[in-house]
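If you want the building blocks of each chain, they are given just below.
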Amino acid sequence: MVIADLFSHQEGFVFTADINLDTKPFYAMVDSDVDDFIESIEKLRRLQPDMLVAGHGKAVMTGNLSQRLAVYRDNNSQSNNSYA
């Protein structure tokens, strides 16, 4: 699964497509792999961007991104466990 379609080191932003920190994680595909999704969130954290640009909702997200991505990841893990 590729979630970061575009990363600009110079500009400090990542285009995240369907990852929007202002919404709950959503899986639309039957073959979605939650573990891959969580790893993708971790990859975003390692990039340490200044800005995330989503394809939906509030498009531009800034401020405390590493922490916000960790919360998003943890909410994703809890949501996944509640369906098991």
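Residues numbered from 1 in each chain as written. Predicted model: local features only at pLDDT ≥ 70, side-chain atom pairs only at ≥ 80, totals over all residues. Heavy atoms only, no water.

1. Examining the overall build of the chain
- Helix and strand content of the chain: two helices and four strands.
- Mapped in sequence order, the helices and strands of the chain form the string β-β-α-β-β-α.
- Taken across its 84 residues, the chain has 33% of its residues classed as buried.
- Within the chain, contacts between residues at least 6 apart in sequence are counted, and of these 65% link residues at least 24 apart.
- With the model as given, the accessible surface of the chain reaches about 5500 Å², and the carbon-plus-sulfur share is 50%. (Helix = DSSP H or I, 4+ residues; strand = E, 2+ residues; numbered from the N terminus. Buried < 20%, exposed > 50% of the residue type's maximum accessible area, 1.4 Å probe, protein only. Contact = heavy atoms within 4.5 Å. Areas by Shrake-Rupley, 256 points an atom, 1.4 Å probe, with all protein chains shown as cover.)

2. Some remarks on the pairing of strand β3 (residues 51-54)
- Of the two faces of β3, only the one carrying L52 and A54 is buried; M51 and V53 on the other face are not.
- Of the pairings in the sheet, the one linking β3 to strand β4 (residues 60-62) comprises three bridges and is antiparallel in character. Bridging from a neighbouring strand, V53 pairs with V60 of β4.
- Remark: five residues form the turn of the hairpin made by β3 and β4, two consecutive strands paired antiparallel; G57 in that turn has positive phi of roughly 65°. (Pairing = 2+ DSSP bridges.)

3. Quick look at a negative patch on the surface
- There is a patch of like negative charges on the surface, built from D31, D33, D35 and D36.
- As for its placement among the helices and strands, D31 is situated in the loop between β2 (13-17) and α1 (34-47). (Patch = residues over 30% accessible without salt bridge, like charges linked within 9 Å, V, L, I, M, F, W, Y side chains within 5 Å. Salt bridge = Lys/Arg side-chain N within 4 Å of Asp/Glu carboxyl O. Lys, Arg positive; Asp, Glu negative; His and termini not counted. Charge placed at Lys NZ, Arg CZ, Asp CG, Glu CD.)

4. Some remarks on the sheet that holds β3
- Strand order in the open sheet formed by four strands is β1-β2-β3-β4, and the pairing between neighbours is mixed. One side of each edge strand has no neighbouring strand; the edge strands of this open sheet are β1 (6-8) and β4. For this sheet the average axis-to-axis angle between neighbouring strands, irrespective of direction, equals 20°.
- Pairing geometry for β1 and β2, over three bridges, is antiparallel. Paired with L6 across the bridge in β2 is F15. (Axes fitted to C-alpha atoms, helices over the stretch in contact; angles between N-to-C directions.)

5. Some words on unusual backbone geometry
- One non-glycine residue with positive phi stands out, namely Q48, at about 50°.
- Checked against the element boundaries, Q48 lands in the loop between α1 and β3.
- Positive phi, normally seen in glycine, also occurs at N64, with a value near 50°.
- Relative to the elements of secondary structure, N64 occurs in the loop between β4 and α2 (65-82).
- For N64, a relative accessible area of 58% corresponds to the exposed category.

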